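Summary of the model geometry
The lines below spell out each chain.
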Amino acid sequence: MKIDLAGNPLELLPQRAVWWPAARSLVVADVHLGKDQVFRRAGIAIPSSVLEAELAALDGLLQKRPADRLIVLGDWVHAPPTDGEAWPAAISAWRARHAQLAIELVLGNHDRDLAPRLSEWRIEGHQDPIKINGLELNHEVVYEHPVAGMSGHLHPVAWLRSGRERLRLPAFARSGDHLILPAFGRFTGGFDGLDRAYWSLYAVAGERVVDLADRAVGRERGRRS
Amino acid sequence: MAIEGYFAHRGWPVLNFQRRAWAAYAGGRSGLIHAPTGSGKTLAAWGGAVEEMVEDGANGLNYLWLTPLRALAADTARALDRPLAYSGKPDQVALRTGDTSSYRRKKLLEKPPPALVTTPESLAVMLSYADAPARMSKLRAVFVDEWHELMGSKRGVLLQLCLARLKALNPALKTWGLSATLGNLDEAAATLLGPGIDADIIAGERDRPVALVSLLPESISRFPWAGRVGVHQLKKVVERIEAAESTLLFTNTRSQAEIWFNAIQSVCAWPERVALHHGSIDRALRESAEQGLVDGRLKCVVATASLDLGVDFPTVDQVVQVGSPKGIARLIQRAGRSGHRPDGQARIHCVPTHALEVLELAAAREGLTQGRVEARSPIRLALDVLAQHLVTIALGGGFETETMYREVRGTDAFADLDGRQWQWVIDFITRGGPALKAYPDFQRVVEIDGRMRVPNRRIAMLHRLNIGTITADGALQVRFSKGASLGTIEERFLTRLKPGDRFVFAGRALELVRIRDMTAYVRSARSRKATVPAWVGGRLPLSTLLADGMLALIDDFETGQAPDSPEAVAAAPLLSLQRRVSALPGRERLVVEHGRSREGAHWFVFPFAGRLAHEGLAALVAARIAARRPATFSITVNDYGFELLSAEPVELDEQEWRELLSPRSLQEDILESLNAAGMARSRFRDIARIAGLVQQGYPGRRKATRQLQASSGLVFDVLSDYDPDNLLLAQARREVLEAQLEYRRIERALDRIARQQVVVTRPERFSPLAFPIWADRLRAQLSSEDWQARVNRMLTQLESVA
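Presented here is a report on the structure given in the accompanying data block. (Residues numbered from 1 in each chain as written. Chains lettered and ligands numbered in written order. Predicted model: local features only at pLDDT ≥ 70, side-chain atom pairs only at ≥ 80, totals over all residues. Heavy atoms only, no water.)

If you tally the helices and strands in chain A, you get five helices and 15 strands. The buried share among the 225 residues of chain A stands at 59%. Taking the contacts inside chain A whose residues are at least 6 apart along the sequence as the reference set, 67% of them involve residues at least 24 apart. With the model as given, the accessible surface of chain A reaches about 8,800 Å², and the carbon-plus-sulfur share is 49%. (Helix = DSSP H or I, 4+ residues; strand = E, 2+ residues; numbered from the N terminus. Buried < 20%, exposed > 50% of the residue type's maximum accessible area, 1.4 Å probe, protein only. Contact = heavy atoms within 4.5 Å. Areas by Shrake-Rupley, 256 points an atom, 1.4 Å probe, with all protein chains shown as cover.)

Next up on the list: the pattern of salt bridges. All names here are of chain B. Scanning all chains against the criterion turns up 46 salt bridges over all chains. Arg283 is paired through a salt bridge with Glu287; the nearest N and O atoms lie 3.9 Å apart. Taken together, the residues Arg283 and Glu287, both in helix H13 (residues 283-294) and four residues apart, mark about one turn of the helix. When its relative accessible area of 41% is taken as the criterion, Glu287 is described as partly exposed. (Salt bridge = Lys/Arg side-chain N within 4 Å of Asp/Glu carboxyl O.)

All names here are of chain A. Spatial ordering of the open sheet is given by E1-E2-E3-E4-E5-E6-E7, a layout of seven strands whose pairing is mixed. Two strands lie at the open edges of the sheet, namely strand E1 (2-5) and strand E7 (124-126), each paired on one side alone. The mean inter-strand angle of the sheet, taken between neighbouring strand axes irrespective of direction, is 25°. Direction of pairing for strand E5 (residues 69-72) relative to strand E6 (residues 102-106): parallel, over a ladder of four bridges. Bridge pairing in E6 places Leu70 opposite Ile103. The sheet strands contacting helix H2 (residues 49-64) are strand E2 (8-13), strand E3 (17-20), strand E4 (25-28) and E5, and the helix crosses E4 at an angle near 145°. (Pairing = 2+ DSSP bridges. Axes fitted to C-alpha atoms, helices over the stretch in contact; angles between N-to-C directions.)

Turning to the pairing of strand E25 (residues 757-761) of chain B, a few remarks are in order. Along a regular strand, successive side chains alternate from one face of the sheet to the other. Residues and elements named next belong to chain B. Within E25, four of the five residues are buried, leaving the element largely enclosed by the surrounding structure. Alignment of strand E21 (residues 589-597) against E25, held across five bridges, turns out to be parallel. Note on E25: the bridge partner recorded for Val592 is Val760.

On to the nonpolar core, then. A general trend in soluble globular proteins is that nonpolar side chains are found buried together. All names here are of chain B. Counting 127 residues, the largest nonpolar core has Trp657 and Phe684 as the members making the most contacts within it. No other element matches helix H16 (residues 383-395), which puts nine residues into this core. The two domains that each donate at least three residues to this core are domain 1 (2-203) and domain 4 (582-674 + 741-788). In this view, Trp657 contacts Val592, Trp603, Val605, Val621, Leu652, Val758 and Val760; residues no more than four positions away in its chain are not counted. Counting 59 residues, the second-largest nonpolar core is a separate cluster that includes Leu248, Leu293, Ala583 and Phe608. (Core = buried A, V, L, I, M, F, W, Y, C linked by side-chain atoms within 4.5 Å. Domains from an automatic or database assignment.)

With that out of the way, let us pick up the environment of Leu192 of chain B. All names here are of chain B. Following the sequence through the fold, Leu192 ends up in helix H10 (residues 185-193). Using a relative accessible area of 3% as the deciding quantity, one classes Leu192 as buried. When the C-alpha positions of Leu192 and Val144 are compared, they lie 8.7 Å apart, and in sequence the two are 48 residues distant. Sequence-distant contacts of Leu192, defined by excluding residues within four places in its chain, comprise Gly31, Leu32, Val144, Trp147, Leu163, Thr175, Trp176 and Gly177.

Here it is as C-alpha cells:
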C-alpha cells in the first residue's frame, strides 16, 4: 500500500514496517525485544523462541527492501537487560550479520538505561525526535495535534467484523500527515480506541495492507448503534 | 450430649439424620450429608465437632469450615458459634475470606482460633505460607458446605487438592461434605473424599415438596411461539408481586434481568422498592439488595443465578421464575429460596416466555413428581489447577516430588494422572516447559535439598495474588465520571460502543463517556432508549434430564397417555398442530423438516440435546454436507434443535440424513468443522490465569505488574507458535470439546439417532418447533477456512457493504 505523507511517498508493508525509498530507510516501531525474558524472570513461562522469531522477522524485512538505514520509533527493548542474561548477545550476533546497516532509535519509554548496550549494538539513540525531509519521527505523538511525521507507542489495532465474526488486526493509523505504526513485535498487545473521526486505519491482513478508511468498519459501527 | 442440650434449649427436635451424622462423626468417619436448604444440615455436620470440642477442648486450629460464598461466611460463623457458646465455649469460631483485612489475617496466624470459616481460595492462600504444615497439623475435621456447587468446577478441583494436602498432614482427618440433592451422590462423595475411600452418605429429611405454579396464558394459540424475554406476561407477574409480601424474581440471564427490572419499575406503584441483583453488579449494590430483602424494605428483587445461593431470606414469601429453569435441580434450588410456609411447601411461580416452554414446565413437573434430579459431573485432569497448586505447596513448606505425585493421585480429579503428564507439570513450573524447549533463566519452582521450593520473593508475591480459579471474564469496571462504581461489564460488549452510545446496566440507562484504564466512565442518559448488553455464556442449556422428559411427554401425547397437569393440557394444542403440519419427535423418532422462504432453503433438525450440543452438531452436519457438495450454511440453534440455512436448496433424503448424523469419526470431524482453534484461544483465558501465565490486573497493583501485562490470547498465540506441544494448549482444546460443546452429549445424541427412526417432512409453513429457531436469528459463526481465507472473505463482505 502506497501513501504520501507531506510530499514523501511511503510504502506500508504487511511486515508492519514502512519503506521510505527517498531516505532508503525502513521504519519500524515497538519491537519490545526481550519481553519474553522479562516474563520468564517473573516466573511466567514464555519460550525464548519469541526473540529469535523477532530477529528473524527483521532479517526478512531487510531482505525485502534495499535499506541503508533502519529507524526504530522507540521501545526497541521491553526492559533493560539484567546481568547474566543471554538475549543481548543474540541481538549483538544479529547486528553483526547486518554490519553495513545504520540503526537509529528514538528512545521510547521502555528504552531506559540502555546507553552501554546501544553502543555495543551500534545503535544511535536519540532523545529528541529525528527530522528528515519535513517529517518528524517520534516515539509518541500528541494525539490532539499530530504533526507531519511518524510515531509508535500506541500499537494500533483494527477490528474487522462480519456477522458474528470478529478479527483483530494490527494497523497503521493516519491523521492528516501523521502516521502511527503498528507494533513490530509479535508479543505485544494493541490499542483499538483511536477516535475514528480523526484517524483512519490501514489494517495488516496477512500478506496485504488494507485501507479501511471509514467505510467498512465505520458503517458497521454506525448500523449497530 | 451438649449438642442435644442446645437443640432442647432452642426447642428443636433432633432429626434422625442428624443423630446418625453425629454418631458417624464420633466414630471417626467421613462422608457426605445431603438435604435441602434450611433442613438442619449445618448442625448435622457440626454437632459431632461441638461434642468433640466440649469433651477434648481445643489445641490450635482444629476445624475448618469451607464455604463457596464469601457472603455466606459471616452467617455461617455465627451459626457454628451458637451451639458452642451455649455449651460454655464462646468465641471459638473466626472468619477468614478475601475480605478479611491483612491485620486481622496476621492476628489469625499468630493466635489461631479453634474453628475457622473460610473459602477454598483462602485455604489455598493459607497453604502457601512457609509454616503452613505446622499450622495445619492440628486439624481434626474439615467441612465443605454446598459441595454440589463446587464439585463440577475448577474450584472443586482446587479444593480436592487442598483436602489431599490437609489429609497428608493429618492422617486421621475427618472430611464431611454438605450437599443439596444430586443425581449422583456416590460420585459426589468419591470426588470429595478421593476414590476408594469408604464414605458415609447420610440422607436428610426429604426435600420440601415443591409446588410449581405456572402462569399460563388463557389460550396457547395467542401465546408467542418464540422469544425469551416474556414481558408480555408482565401484568400478571406484577399482580402476583402486589399480592405477596416480598418476591424474589429469577431470570436466566443478566440481560433478561435488566429488562424485567426496568419493566416492573416502569409499571408498578413502588419503583423504589424494586432492586436488581446479578453477577456483574457492584458488590455494594448487591449487598444492599440482599439487605433490603432481609429487613423487608424491598418488595421485589430481580436476580439471576447470583442469588441461587446465599443467606436465607425468611421474609421472601414468593419466588417467581421467568423462563424455563432449564433443569430440575435449579427449579428445586430456586423454589427453596422462599421462606418457610406453614404448609411446608416451597412454592415457585413459573412464567413461560414462549409456547414450548410450557412443555418444558410440563416435563419439569413430571420430573419433580418422580423425584428425579440432574447429576453434576466432576472435572478431571485440569493441569492448570494442578500447576497452580504445586506452586502453592512449593511456597508452603515445599514438597518432595515422589510423595507429592502419590498425594495428587489420591484425588478424584487426578486419579488418572500419568507419569508423562506429571513430569510435564513439574517441568512447566521448574523450567517453563519441556527440557528440549528453550526457556532460559526461568525459575519459578526450584529443587533445593530434595524439596521443591519457590526461592524468589517477587514470584511468591505474584503467585499469592493469583491464587484461585474464579476468574473475571475480561471485565471492565463501569463507573460514573465522578464517583460511584456500578459493577463490571464484559470488555467484548463495551469495546463495541463508542462514546455517546447508550446502554442499560444495573437498572439504569447510561451513556458511555470514555473507556480508560480498564474502566468505562458513564453518565446517566436522559432517554431510556438504550441497548441491553448481551452477556456471553449467560444461557445455560436445557438439562439432559429435562430434555429427555420432554421427549417422553411427547411420546405420551402420541399414545394418548399425556398427564393432565395444567402445563401438559396447555401444551396439547401446540403438539397437535406440530403433528398436523409435520411430525412429532420422540424417544424413538428424530424429526427433520425442510422449508423454503425468501431467505433461502431451511433444514431444521430436532435432537433435543441442548443448545451447546446443537451448536456442535449443526457445525458437524454442515461440514459433512460441504464435504460432499459445495454448500455454505448459516446456523441457528436453540435447546430443541438447530437450523441450517443455505441460499441454494440442498436436497437430502432420510438415508443421507442418517449418514450425516452418524457417530463415526465424530471427534475428528467436529474439530475440523469448527473454528476449534479460535474457540480454544478464548477458552485459554481461564487456563492461562489459573496456571499463572497471565497476571490478573489489580487496581492499585498495576504498577507492580505493568511490564507483565499480556493478554491470554497473545500468550496462546506465542505458545502455539513456539511450544505447540504445551499440555495447557491441549487442555484448552479438550475443554472446548467437553465444556463448551458438551461433546459427551453430542456423542449420546448421535448414538441415540443411530437407533431412531428418521422422519423427513416438508411443512408448508414453519412448524411450532421450527419457528422459535427461525425467529431466534442468532446466526452462529461457522468457519472451517484457514485464517487468510477468512480475512479475505470478511474483507470482501465488508467491501461489498461499502
